[in-house]
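Examining the three-dimensional arrangement
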Amino acid sequence: MPSKQVALEVAEFLDSDQARGLGSVDRARWQRLIEAFLSASYEDLGKAPRFLDGQELEGLLAQSLPARLESPKDAEVMPDLLRAYFAHVRETQLVSHAFEIEQALEIGMAPFLAAVRSGKVSGRAAAPAAPYVHGAPKLGRNDPCSCGSGKKYKKCHGKDS
């Protein structure tokens, strides 16, 4: 299930002139593919695509994105789709690494297509990282202060909080 940000960006792109210029391809297919790309960007790299630099985009194309595609046939249309998507992003938003992104799209497509055709990464998306849980016990306001003064925490270091 795509996040709200991904869903909004997908809808904005599909309503753009760049998406309409791609031809009469199944709109549901375009939506699924661009959702896969945006999800990989946000979940695996933690960044919006407009903030990616060339190296990050190449890594995304070579590793994260192939694992999110359902079939090798989807890979054949991804180059045109991504070019149209980044043309849309450049037109509507400020993209600081626009030249790097263009170069990375050209360089990264060959490894991307090879990874999808080989099937070695198919269906193995990276698992999301588990949140960090601090193991120390919580200090209550009526517990003795941890500084060793002998006072209650609320009367010592806890009075400022």
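Look a little higher up for the structure.
This report concerns the structure included in the present document. Small disclaimer: the values here were computed from a predicted structure and weren't measured.

Some remarks on the nonpolar core
Counting residues in each nonpolar core, the largest one holds 36 residues, and the members touching the most others are Phe37, Leu57 and Phe112. Only helix H1 (4-14), helix H3 (27-45), helix H4 (54-68), helix H5 (72-92) and helix H6 (98-118) provide two or more residues apiece to this core. When residues in this core are grouped by element, the largest group, nine residues, is from H5. Dropping the residues within four chain positions of it, Phe37 is found in contact with Pro49, Leu57, Leu60, Leu65, Met78, Leu82, Tyr85 and Phe86.

Considerations on the environment of Leu38
Positionally, Leu38 belongs in helix H3. Not counting chain neighbours up to four residues away, the residues in contact with Leu38 comprise Val6, Glu9, Val10, Pro49 and Tyr85.

Overview of H3
Compared with an ideal rise of 1.5 Å per residue, which puts 19 residues at 27 Å, H3 spans 26 Å between its outermost C-alpha atoms and is within 8% of the ideal. Among the residues making up H3, those that are buried are Trp30, Leu33, Ile34, Glu35, Ala36, Phe37, Leu38, Ser39, Ala40 and Ser41. In this fold, the buried residues of H3 make contact with H1, H4 and H5. At the exit of H3 stands Gly46, carrying a positive phi of roughly 70°.

Describing the environment of Cys156
Considering the arrangement of structural elements, one finds Cys156 in the segment after H6. Under the relative-accessibility criterion, Cys156 is labelled buried at 16%. For Cys156 and Cys145, which are eleven residues apart along the polypeptide, the C-alpha to C-alpha distance reads 6.6 Å. Non-local contacts of Cys156, meaning those with residues more than four positions away in its chain, are made with Cys145, Cys147, Ser149 and Lys151.

About the thresholds
- Residues numbered from 1 in each chain as written.
- Predicted model: local features only at pLDDT ≥ 70, side-chain atom pairs only at ≥ 80, totals over all residues.
- Heavy atoms only, no water.
- Core = buried A, V, L, I, M, F, W, Y, C linked by side-chain atoms within 4.5 Å.
- Buried < 20%, exposed > 50% of the residue type's maximum accessible area, 1.4 Å probe, protein only.
- Helix = DSSP H or I, 4+ residues; strand = E, 2+ residues; numbered from the N terminus.
- Contact = heavy atoms within 4.5 Å.
- Expected span 1.5 Å × (residues − 1).

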